[in-house]
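# Remarks on the overall topology
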Amino acid sequence: MAEVAVIGAGLSALAAAHVLHDHGLQVRLYEREENVGGRATTRRRAGFCFDPGAQYIHGNAPASDALLLRRFASPELLAIAKPVWTFDSQDRLQEGDPRQNAIPRWTYRHGLQTLAELMARELPVATGCEIARLSYLQPGWRLFSTAGQVVAEVPAVLLTLPAPQAAALLSASELPPTLQQRLQAELGRSRYRPLLSLALAWPERVLPPTPYYALVNSDKAHPISWLAREEEKGPARVPPGWSLLIVQLAPDYSRAHWSWDDQALAEATTALVSRLLGRPLPAPDFCDVQRWPLALPEGETLLDLQALHAVSAPYGLFFSGDAFRGGRAHLALAVGQESAFQLLAHWR
Ligand SMILES: Cc1cc2nc3c(=O)[nH]c(=O)nc-3n(C[C@H](O)[C@H](O)[C@H](O)COP(=O)(O)OP(=O)(O)OC[C@H]3O[C@@H](n4cnc5c(N)ncnc54)[C@H](O)[C@@H]3O)c2cc1C
């Protein structure tokens, strides 16, 4: 019998679950998708392997160093050698900030999802299991699937979804009205930006080598926010002689083009990239479009984890996820651990 049900199996959930497990608690994770990793996910298609969400994980941070370099050390881990350069709204490229480029950027030979898969190996995870609602049992919680079945009854729940999804799940749940009101008021302050991410692929080299592996928009006034050349990222990321670009579109541009079909998005994005790189690109062999309605939390709407737990912990309800510390994978790992320690402090 699980003592803590962790809802979600993204990086913050997995980091939290390991802390709880290490401290002797029985945990079980419930993940909506068939795979673990959440927004740090990997796709495989036509011989290519690429990450439509998070692109790399920053090192030089306690949580990512401890987990990537030590506990889950793997020969799959790859330091991205080339730097990130910048571009502005006029398509002008510039060398990136040397201080930023000095911070290690980690990826994995077969995609970033590798980390979540390594972390999930020692944990019980129910994949393909979407939790639709909770019911408070005074004390404890009953979890229901989308089919209305009881999935678990546990003393404590750790919700690791983006805050707007956590708020929606709770509003469909039965919990004391005052608790519901206070949680909705706090979670309702969180705002996430949408993002369209495209993978454009060619079974040939369409660009010459570059001194950078990726470009980031510096003035936030370009339709593209991020452009990565996977074949420049590291060995084995792309079959020899092939090309794959990851293009992330800016929030406003993503909103305005959300309902465009994949073909139209592929054409428009290829034209934007051709203009940015000053080189006409052929139509890609394939284009994979990922729509992220809740891609990244807006920095000014981050939530206070401790204040939320002051309200929810007496009910055995805990939270984690990037809504609390910011939309970066290393921060999601860190807040997962932090949240687990807050749960343990309350548990004792
Ligand atoms: C396009 C994009 C690019 C990014 N690039 C970078 C980058 O380069 N570097 C970086 O550091 N960060 C990057 N990030 C941010 C980083 O991916 C996230 O901050 C981090 O992965 C968030 O982890 P999390 O565990 O908080 O949430 P998530 O990864 O979202 O995990 C939540 C999990 O809950 C599951 N779930 C949702 N609802 C339910 C339910 N009802 N029942 C069960 N399970 C449910 C979801 O399927 C998901 O697996 C990027 C994000 C995006 C979208």
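Residues numbered from 1 in each chain as written. Predicted model: local features only at pLDDT ≥ 70, side-chain atom pairs only at ≥ 80, totals over all residues. Heavy atoms only, no water.

Scanning the protein chain from N- to C-terminus turns up 10 helices and 20 strands. The globule rule puts the C-alpha radius of gyration for 348 residues at 20 Å, and the 21 Å found for the protein chain is close to it. Seen through its C-alpha atoms, the protein chain measures out along the principal axes to roughly 65 × 40 × 35 Å. The buried share of the protein chain, taken over its 348 residues, is 57%. For the protein chain, restricting intrachain contacts to residue pairs at least 6 apart in sequence, the fraction spanning at least 24 positions comes to 73%. Within the structure as shown, the protein chain displays about 14,800 Å² of accessible surface, and the carbon and sulfur contribution to it stands at 52%. For the protein chain, the distance from the average site of its 32 positive side-chain charges to the average site of its 34 negative ones is 2 Å. (Helix = DSSP H or I, 4+ residues; strand = E, 2+ residues; numbered from the N terminus. Rg over C-alpha atoms; globule rule 2.2 N^0.38 Å. Buried < 20%, exposed > 50% of the residue type's maximum accessible area, 1.4 Å probe, protein only. Contact = heavy atoms within 4.5 Å. Areas by Shrake-Rupley, 256 points an atom, 1.4 Å probe, with all protein chains shown as cover. Lys, Arg positive; Asp, Glu negative; His and termini not counted. Charge placed at Lys NZ, Arg CZ, Asp CG, Glu CD.)

This paragraph deals with the environment of Thr 146. Inspection of the secondary structure assignment puts Thr 146 in the loop between β12 (141–145) and β13 (150–154). Residues Thr 146 and Pro 235, 89 residues apart in the sequence, show an inter-C-alpha distance of 42 Å. With near-sequence residues (within four places) excluded, Thr 146 lies in contact with Glu 130 and Ala 132.

Below, the discussion takes up the site of the ligand. Near the ligand there are 36 residues, and of these Glu 31, Arg 39, Tyr 56, Asp 322 and Ala 329 occur at the shortest range. A distance of 3.3 Å separates an oxygen atom of the ligand from a polar atom in the backbone of Leu 11. In the environment of the ligand, an oxygen atom lies 2.8 Å from a nitrogen or oxygen atom belonging to the side chain of Arg 39. Within the complex, 97% of the 1,000 Å² of free accessible area of the ligand lies under protein. Taken together, the elements giving at least two residues each to the shell around the ligand come down to α1 (11–22), α5 (163–171), β19 (286–297) and α10 (329–347). Per element, the largest residue contribution to the shell around the ligand is 3 residues, and it comes from β19. (Near = heavy atom within 4 Å. Polar contact = N/O pair within 3.5 Å; in protein donor to acceptor, adjacent residues only side chain to side chain.)

The next thing to look at is the nonpolar core. With 41 residues, the main nonpolar core has Val 4, Leu 11, Leu 20, Leu 68, Leu 115 and Leu 333 as its most contacted residues. Sorting the residues of this core by element identifies β1 (4–7), α1, β2 (27–30), α2 (62–71), β9 (105–108), α4 (113–120), β14 (156–159) and α10 as the ones contributing at least two each. Looking at this core element by element, the count peaks at 8 residues for α1. Summarising the domain contributions, this core has at least three residues from each of domain 1 (4–38 + 118–190 + 301–347) and domain 2 (43–112 + 192–297). Formed by 35 residues, the second largest nonpolar core is a distinct cluster that contains Ile 7, Tyr 30, Leu 170 and Leu 305. (Core = buried A, V, L, I, M, F, W, Y, C linked by side-chain atoms within 4.5 Å. Domains from an automatic or database assignment.)

Turning our eyes to something else, we now look at helix α6 (residues 177–187). One turn of an α-helix holds 3.6 residues; hence residues three or four places apart share an orientation. Listing the buried residues of α6 in full gives Leu 179, Gln 180, Leu 183, Glu 186 and Leu 187. Projection of α6 onto a plane perpendicular to its axis shows the buried side chains occupying an angular sector of 140 degrees, all on one side. Residues of α6 that are exposed and angled more than 90 degrees away from the buried face: Pro 177, Thr 178, Gln 181, Arg 182 and Ala 185. Each element contacted by the buried residues of α6 is listed here: α5, α9 (305–312) and β20 (317–319). (Arc of directions from axis to C-beta.)

Right, let's get into the sheet that holds strand β16 (residues 214–217). Strands sit in the order β8-β7-β16-β17-β18-β15-β19 across an open sheet of 7 strands; the sheet is mixed. Edge positions in the open sheet fall to β8 (93–94) and β19, since each of these has one partner strand only. Pairing of strand β7 (residues 84–87) with β8, which is carried by 2 bridges, proceeds in the antiparallel orientation. Residue pairing in the sheet places Thr 86 in a bridge with Gln 94 of β8. (Pairing = 2+ DSSP bridges.)

Right, let's talk about the packing of α2 against α10 for a bit. Contact geometry for α2 and α10: axes closest at 8 Å, N-to-C directions at 95 degrees. Accordingly, the angle class assigned to the pair α2 and α10 is roughly perpendicular. Along the contact surface, α2 presents Ala 63, Ser 64, Leu 67 and Leu 68, while α10 presents His 330, Leu 333, Ala 334 and Gln 337. A per-class count over the contact of α2 with α10 returns 5 nonpolar, 3 polar and no charged. (Axes fitted to C-alpha atoms, helices over the stretch in contact; angles between N-to-C directions. Parallel < 35°, antiparallel > 145°, perpendicular 65-115°, else oblique. Nonpolar A, V, L, I, M, F, W, Y, C, P; charged D, E, K, R; others polar.)

Looking now at the pattern of salt bridges. Taken as a whole and judged by the stated rule, the model has 21 salt bridges. Across the salt bridge formed by Arg 45 and Asp 288, the nearest N and O atoms sit 3.3 Å from each other. Within this pair, whereas Arg 45 is found in strand β3 (residues 43–45), its partner Asp 288 is found in strand β19, the two being separated by 243 residues in sequence. A relative accessible area of 35% places Arg 45 in the partly exposed class. A salt bridge links Glu 174 to Arg 133; the shortest N-O distance between them is 2.6 Å. In this pair, Glu 174 is assigned in the loop between α5 and α6 and Arg 133 in strand β11 (residues 131–136), connecting sequence segments 41 residues apart. (Salt bridge = Lys/Arg side-chain N within 4 Å of Asp/Glu carboxyl O.)

Counting across every chain of the model gives 0 disulfides. There is no disulfide at Cys 49, and the cysteine sulfur nearest it, in Cys 287, is 17 Å away. (Disulfide = S-S within 2.5 Å.)

As a further point, take the domain arrangement of the protein chain. The assigned domain composition of the protein chain is domain 1 (4–38 + 118–190 + 301–347) and domain 2 (43–112 + 192–297). Every contact between the two is made by 24 residues of domain 1 and, on the other side, 17 residues of domain 2. Remark: the boundary between domain 1 and domain 2 carries 2 salt bridges. With a closest N to O distance of 2.7 Å, Asp 22 and Arg 71 form a salt bridge. Sorting the residues of the side of domain 1 that touches domain 2 by element identifies α1, α4, α5 and α10 as the ones contributing at least two each. Per element, the largest residue contribution to the side of domain 1 that touches domain 2 is 5 residues, and it comes from α10.

Here Leu 137 lies in the loop between β11 and β12. Sequence-wise, Leu 137 and Ile 57 are 80 residues apart; in three dimensions their C-alpha atoms are separated by 39 Å.

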